[in-house]
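# Fold and geometry: a report
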Amino acid sequence: MAEFDTGFAAIAGRFGRVEPRRQARLFLLGLLSDVDTRSCWQLAEHAGDVSPHAMQRLLGEMVWDADRVRDDVRGYAVAALGDPGGVLILDDTGDLKKGRHTLATQRQYTGTARRIENAQVAVYLAYAAPRGSTLIDREVYLPKAWTDDDARCAAAGVPEQVRFATKITLGRRMPARALDAGVPAAWCTADEFYGGDQHLRRDLQARSVGYVLAVAKSHRVTARPVDGPVRTDRLTAALPTRAWQRRSAGAGSKGERTYDWAWIAITPPDGETGGCHSLLVRRRTSDSELAFYRCWSPQPVPLRALVRVAGTRWNVETCFQTGKTIGLNEPQVRRWNSWYRHITLVMLAHAILTVIAARERDRHTDQTLIPLTFNEIRHLFKLMITNTTHTISHRLHWSNWRRRHQARARTSHYRRRGHTIHQPTST
């Protein structure tokens, strides 16, 4: 519990009054509890509140700045996990939604479903270092169907100055914020959606931050002795057997993640000077499937350094998986401020568990047990710390509250459609 208090202390000063500060702490405890969903209703019931109104006000009406809290979350995480060789990881994820009124929701492709679905998509920045990985920034993606509809944006509380920005544009902003804040990072990595953008690559080069960015097989590079740009897959097809080296991209849950790697020096694009440009190719040992990475470093580095960074990209997927166990995919809110506030508090909860896991590994000495993991700590946390005992009358009160609210909602829906609710008759 001490580390929870330390983590919460990092943001406590952002709440000028006792009520929002108390409610934010209860919200965090609820995120780490065993509630079925992280809605304001369930978090309020878990906290012992008599209605969800206080939790809803925390996300909607109470005065606090989610971006400043995000900065505090980032500072807390970096203070505990920071490393000069740290890696920034860009990626996006989607949450399936119903209807059209929830912020940023529309039919769009999401990797969560691997198809076009009605979804809300957000871009995240993770920080990965030897001691652990956690999310340090976030931006919701507003499709043009939203930014072109002023009334729809106003209903969702989107600030007037917000304009359409692609996911890549949102992604470019986040490493800049992190580096401006002094986050120690030597590298950046991302999947091919972001890796194919030359502006992101130039942003990183301008800051002397190396990158290992995935690119598509159709991505073109220039490599001697080939004359002119050539597709990465065609360049790779001409490599001799001796060009491949078998190396581990890092330890996985079932052992080392071993692949064959090829490393090719490439010519810098026109107008770019300085640093070391290369193409890294990964070949899966089981079926020879290929993946391609465009790389740059301000100084020469060995192959093992690039392989390590390429393997680090999977950490953001782990952050998404573990984050969704504490509500990253459950912002049951419709408005701009509420989404950012919910997600930022989830990021703090994730960072707290990550820091606890890092410190437990530092103290671990029993070789007959693996160190406590993020998921095991979350499990222990919800069992031993956040399970609050409430009276039967409290539970019955909430049952009545939910049914009364649902009755009002049903009546409102029927009246809007001109229907009549038929009440049961007693016999």
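The residue count restarts for each chain, going from 1 along the sequence in the order it is written. Under the rules for a predicted model, residues below a pLDDT of 70 receive no local features and side-chain atom pairs below 80 are neither given nor counted, while totals for whole chains, interfaces and linings still include all residues. Side-chain numbers here rest on the full set of heavy atoms in the structure, without hydrogens or water.

### Digging into helix α10 (residues 198-206)
We apply this condition: Each residue gets one of three labels from its accessible area relative to the maximum for its type: buried under 20%, exposed over 50%, partly exposed in between, using a 1.4 Å probe on protein chains only. Note on conventions: DSSP H or I runs of at least 4 residues are helices, E runs of at least 2 residues are strands, and numbering of each starts at the N terminus. By definition, the arc is the one covered by directions from the helix axis to the C-beta atoms. What qualifies as a polar contact is a pair of N or O atoms within 3.5 Å, subject to a donor-acceptor requirement within protein and to the restriction that residues adjacent in sequence count only when both atoms come from side chains.
For α10, the set of buried residues is L200, R201, L204 and Q205. Along the axis of α10, the buried positions cluster into a sector of 135 degrees, meaning they face one direction only. Put simply, D197 is the residue that caps the front of α10, since its side-chain oxygen is 3.3 Å from the backbone nitrogen of H199. Two residues or fewer past α10, S208 is found with a positive phi of approximately 60 degrees.

### Regarding the packing of helix α1 (residues 2-12) against helix α5 (residues 66-81)
Keep this limit in mind: Axes here refer to lines fitted to C-alpha atoms; in helices the fit is confined to the stretch in contact. Angles between the N-to-C directions go from 0 to 180 degrees. To sort the angles, those under 35 degrees are grouped as roughly parallel, those over 145 as roughly antiparallel, those from 65 to 115 as roughly perpendicular, and the leftovers as oblique. Here a crossing is taken to be left-handed if its near helix is turned anticlockwise relative to the far helix by less than a right angle, and right-handed if that turn runs clockwise. It only takes one pair of heavy atoms within 4.5 Å for two residues to be counted as in contact. For this scheme, ten residues count as nonpolar: Ala, Val, Leu, Ile, Met, Phe, Trp, Tyr, Cys and Pro. Four count as charged, namely Asp, Glu, Lys and Arg, and the remainder, Gly too, count as polar.
For the pair α1 and α5, interaxial distance at closest approach is 8 Å and the crossing angle is 140 degrees. Looking at the two axes, α1 sits oblique to α5. The handedness of the crossing between α1 and α5 comes out as right-handed. Within the contact between the two elements, α1 uses E3, T6, G7, A10 and I11 and α5 uses V69, D72, V73 and Y76. Of the residues contributing to the contact of α1 with α5, the split by class is 5 nonpolar, 2 polar and 2 charged.

### Concerning the side chain of T232
Positionally, T232 belongs in helix α11 (residues 232-237). Setting aside chain neighbours within four positions, we find T232 in contact with A216, K217, S218, H219, V221, L279 and F292.

### With respect to unusual backbone geometry
As a rule of thumb, non-glycine residues mostly have phi less than zero, and peptide bonds are mostly trans rather than cis. A positive phi angle, close to 70 degrees, is found at A104, a residue other than glycine. In this structure, A104 sits in the loop between β1 (87-96) and β2 (106-110). Backbone geometry places S288, a non-glycine residue, at a positive phi of 65 degrees. Its place among the elements puts S288 in the loop between β11 (276-283) and β12 (290-297). The class of S288 is partly exposed, set by a relative accessible area of 44%.

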